[in-house]
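# Chain and residue survey
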Amino acid sequence: MKVALIDTGPMVALFDASDVAHRHYTSLLADNWRLTTTWPCVLEVCHFLGANAVQRFLRWVSEGGVIVFPFDVSNLPDLAELMARYTAEPRTEMDLADASLVWLAQDTNTLNVMTMDVRDFSRYRLPDGRHFEIL
């Protein structure tokens, strides 16, 4: 089984048939992936989808479509440090969802990431310098 982190954009695309990336991610998931994400990404997906799609998305999550990796208050300084590192000028801002996925990659040693945020995930690095494999 293939393993990957999944960002907000691909999850939105999976539940919005009009999204330009819908076909790409639905066909990619046909290959039996074990997906992991974080609560900040889940929250963002709920923000971007309409009510009916949110309900379908939440059922998918609850049925194991994606594992939502927990973190707690003690991890927030690490997330804030990542956000500060990748928000320095002239770079764009790193949001909490991206920081949580980079933190998760460090914790789980997972470098495959399904994301539409190619520009940012191309510059993010793990502490040992490894980069993400964007799917």
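Residues numbered from 1 in each chain as written. Predicted model: local features only at pLDDT ≥ 70, side-chain atom pairs only at ≥ 80, totals over all residues. Heavy atoms only, no water.

## A closer look at the overall build of the protein
As a reminder, the rule being used: Helix numbers and strand numbers start at the N terminus; a helix is a DSSP run of H or I with at least 4 residues, a strand a run of E with at least 2. Based on C-alpha atoms, the radius of gyration is set beside the globule rule, defined as 2.2 Å times the residue count to the power 0.38. Throughout this description, buried means an accessible area under 20% of the type-specific maximum (1.4 Å probe, protein chains only), exposed means over 50%, and partly exposed covers the range between. Should any heavy atoms of two residues lie within 4.5 Å, those residues are considered in contact.
For the protein, the count of helices and strands is 7 helices and 5 strands. Radius of gyration (C-alpha) of the protein: 14 Å, near the 14 Å computed for a compact globule of 135 residues. Viewed in the frame of its principal axes, the protein has a C-alpha envelope of about 35 × 30 × 25 Å. When each of the 135 residues of the protein is scored for burial, the buried share is 41%. By sequence separation, contacts in the protein at least 24 residues apart represent 64% of the contacts at least 6 residues apart.

## Examining the packing of aromatic side chains
Each pair of aromatic rings is reported with the distance of its centres and the angle of its planes. The criterion, for reference: The aromatic pairing rule takes the rings of Phe, Tyr and Trp, using the six-membered ring of Trp, and pairs them if the centres are within 6.5 Å, calling planes under 30 degrees apart stacked, those over 60 edge-to-face and the rest tilted.
Within this structure, the stated rule accounts for 8 aromatic pairs. Relative to Trp60, the ring of Phe57 lies with its centre 6.1 Å away and its plane at 35°, an arrangement referred to as tilted. Here Phe57 and its partner Trp60 are both found in helix α4 (residues 51-62), 3 residues apart, which amounts to about one turn of the helix. Between the aromatic rings of Phe71 and Trp103, the centroid separation amounts to 5.7 Å while the plane-to-plane angle is 65°, which identifies the pairing as edge-to-face. Pair noted here: Phe71 is in the loop between β3 (67-69) and α5 (76-85) and Trp103 is in helix α6 (residues 96-108), with a separation of 32 residues, a long-range link. Residue Phe71 is classed as partly exposed on the basis of its relative accessible area, which comes to 23%. The exposure class of Trp103 is buried, given its relative accessible area of 9%. Grouping aromatic residues by their ring pairs yields a cluster made of Tyr86, Phe121, Tyr124 and Phe132.

## Focus: the sheet that holds β3
For clarity, the threshold we go by: Pairs of strands are assigned from DSSP output, requiring at least two bridges between the strands. Every axis corresponds to a line fitted to the C-alpha atoms, with the helix fit spanning only the stretch in contact, and the corresponding angles, defined between N-to-C directions, vary from 0 to 180 degrees.
Spatial strand order, β3-β2-β1-β4-β5: 5 strands in an open sheet with parallel pairing. Of all the strands in the sheet, the pair left with one neighbour each is β3 and β5 (133-134). Sheet topology note: the strand β1 (residues 2-6)/strand β4 (residues 112-114) ladder contains 2 bridges and is parallel. Among the inter-strand pairings, Leu5 is bridged to a residue of β4, identified as Val113. Of the strands in this sheet, β1, β2 (33-38) and β4 touch helix α1 (residues 8-15), which is tilted by about 100° from β1.

## A word on helix α3 (residues 39-48)
Residues Pro40, Cys41, Val42 and Val45 constitute the buried set of α3. Contacts made by the buried residues of α3 are with β1, α1, β2, α4, β3 and α6.

## Brief notes about the environment of Asp117
Structurally, Asp117 can be placed in the loop between β4 and α7 (118-123). Note on Asp117: relative accessible area 23%, which makes it partly exposed. Contacts of Asp117, omitting those with residues within four sequence positions, involve Asp7 and Asp98.

## Thoughts on the nonpolar core
Convention followed: We define the nonpolar core as a collection of buried residues of types Ala, Val, Leu, Ile, Met, Phe, Trp, Tyr and Cys that are connected through side-chain atoms lying within 4.5 Å of one another.
If you look at the biggest cluster of nonpolar residues, it comprises 41 residues, and the most contacted ones within it are Leu35, Leu49, Phe57, Trp60, Met114 and Phe132. Tallying contributions element by element places α6 first for this core, with 7 residues. Apart from the residues lying within four places of it in its own chain, the contact partners of Phe132 are Leu5, Val102, Ala105, Thr110, Leu111, Val113, Phe121, Tyr124 and Leu126.

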